[in-house]
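One-letter residues, chain by chain:
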Amino acid sequence: MDRIRIIGGNKLHGTIPISGAKNAALPLMIAAMLSDETLILDNVPRLADVALLQRILGNHGVDIMAVGKRPGDHEYQGQTLHISAKNIIDTTAPYDLVSKMRASFWVIAPLLARMHEAKVSLPGGCAIGTRPVDLLIMALEKLGAELSIDAGYVVAKAPGGLKGATIEFPKVTVSGTHVALMAAALAKGTTIIANAACEPEITDVADCLNKMGAKITGAGTPRIMIEGVSKLHGARHTVLPDRIETGTYAMAVAMTGGEVQLSGARPELLQSALDVLTQAGVTITVNNDGIKVARNGAGISPVTVTTAPFPGFPTDLQAQLMALMTRAKGASHITETIFENRFMHVQELARFGARIQLDGETATIDGVAKLRGAPVMATDLRASVSLVIAALAAEGETMVNRIYHLDRGFERLEEKLSACGATIERISG
Ligand code: EPU
């Protein structure tokens, strides 16, 4: 299994190109199943999760062609996928595939909407919490689907097709909103999604669906309205930049000091995180090419942050912020409100000498003057990258084990960081 070796202590200087967003690319690929014409997606990141979803969609008969690099393309340019779901040959998503990636459960929406049936394995829990799908099921039932659970599978049917309805989510859910949006696009009549998630990835999917002929208004607000249409057509769409990758590298620069241009980043996608970094003493400058992040001289000031749905501080940056605060001048408080068990990085950060105390959903981090490199491993994607951030500022060598988590969500992480002066290498095998 590959590992990453980091020798800490170098400041970061240079430019990091920001890739397309994983959490937009995945639902966009799934949304392609709503049409029998080809959806072309540009700026798709080269990630293990994307490759796995290609396999999962292939199992349903979806044909995906990845266009390689063309002359003149930048070395970090995302790939272009031509996705054709002309013939859906199988409406079952089996356990061995869905259990590898939770988001693949979302195929239930296009399968039901277009084929009027689906049999999809329940995804089960994961390292960051129990992560139930009750609200996704509720949304599909509101749209007229009949659902039952049989031997670990959700069996769904909508013999006469789905029908528009009002879906009010009792809590904000990204997965629930994606599923409701995709299913309602082909339902008969009008659907209102109330208390919808406002994450930029929802807006990106809605924009793409509208290009395919859907009639969606209000995406990006808590109230989305969808006028169902009978058919969607092909389209071409560019995946928006990854706000979590942007925030992660911004925190890495904040941690090491130095100055890095995050090329292609869009500040409005992560304003709350940029505000927290400014409060911590980091200089953020927005320019035509994205965002410049700098910390020169000044130490890191402690912050108090609570994760929240967009536009609040994202849970997907909580572990990275915690890594940064291990070096702050004083005590920081970070409260996690989205996932009940998203603190798996705390014990690993302690291996660097970090001082963190957990009390329910709040972590108190007492900044220390120095971190020391250590062998570490993590059980989820964002936790893994928080260890990389700590390692970049730690004295001596860190070996990050189990990096397949990193490959799920960060494109060419070690290349991007070493190009800015970090001593970081992948060790194969
Ligand atoms: N929830 C329920 N019932 C449901 C659905 C969700 O109780 O039926 C709960 C969850 O257990 C959680 C909360 O609602 O406590 C929010 O879950 P949500 O549905 O919003 O999350 P998700 O769609 O499963 C996506 C991202 C996550 C990100 C969250 C929150 C993708 C593929 N995943 O997950 O990303 O943390 O939204 O923003 O888009 C990651 O990229 O590392 C990652 C975990």
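On a predicted model such as this, the values are computed, not experimentally measured, just so you know. Just so you know, the residues in each chain are numbered from 1, in the order the chain's sequence is written. Given that the model is predicted, a residue must reach a pLDDT of at least 70 before its local features are reported, and side-chain atom pairs must reach 80 or more before they are shown or counted; all residues, however, enter totals for whole chains, interfaces and linings. Based on all heavy atoms of the structure, the side-chain values leave hydrogens and waters out of the count.

1. Let's talk about the site of the ligand
Using the following cut-off: Only heavy atoms are used to decide nearness, and a residue is near a molecule or strand if one of them lies within 4 Å of it. Counted as a polar contact is a pair of N or O atoms within 3.5 Å, where, for protein atoms, one must be capable of donating a hydrogen and the other of accepting one, and residues adjacent in sequence contribute only when both atoms are in side chains. Areas reported as accessible are Shrake-Rupley estimates using a 1.4 Å probe. Residue values count occlusion only from the protein chains shown. Each helix corresponds to a stretch of at least 4 residues labelled H or I by DSSP, and each strand to a stretch of at least 2 residues labelled E; elements are numbered beginning at the N terminus. Each residue gets one label: Ala, Val, Leu, Ile, Met, Phe, Trp, Tyr, Cys and Pro are nonpolar, Asp, Glu, Lys and Arg are charged, and the others, such as Gly, are polar. Those domain boundaries reflect an automatic or database domain assignment.
Close contacts around the ligand come from 22 residues, with Asp-134, Ser-175, Asp-316, Ile-338 and Arg-382 the closest. Between the ligand and the protein, one listed contact pairs an oxygen atom with a side-chain N or O atom of Asn-23 at 3.0 Å. Between the ligand and Asp-134, the relevant distance is 2.7 Å, taken from a nitrogen atom to a side-chain nitrogen or oxygen of the residue. The protein chains hide 90% of the 820 Å² of surface that the ligand would expose on its own. Put simply, the parts of the chain that give the shell around the ligand at least two residues each are α1 (22–31), α5 (134–142), α6 (174–185) and α12 (381–393). It is α5 that contributes the most residues to the shell around the ligand, 3 residues altogether. Each residue belonging to the shell around the ligand can be placed in one class, and the counts come to 11 nonpolar, 4 polar and 7 charged. Both domains that meet at the shell around the ligand, namely domain 1 (3–18 + 241–427) and domain 2 (22–235), each give it at least three residues.

2. With respect to the domain arrangement of the protein chain
Filter applied, for reference: What makes two residues a contact is simply this: any of their non-hydrogen atoms within 4.5 Å. Accessible surface is computed with a 1.4 Å probe, and the buried area is the amount of it that two parts give up when combined, taken over both parts together. Between Lys or Arg on one side and Asp or Glu on the other, a salt bridge is scored when a side-chain nitrogen of the former is within 4 Å of a carboxyl oxygen of the latter.
Partitioning the protein chain into structural domains gives domain 1 (3–18 + 241–427) and domain 2 (22–235). Between the C-alpha centres of domain 1 and domain 2 the distance comes to 30 Å. Between domain 1 and domain 2, the residue contacts involve 24 residues of the former and 21 residues of the latter. Approximately 2000 Å² of surface area, both sides summed, lies buried where domain 1 meets domain 2, with 52% of it carried by carbon and sulfur atoms. Counting the contacts that link domain 1 with domain 2 gives 2 salt bridges.

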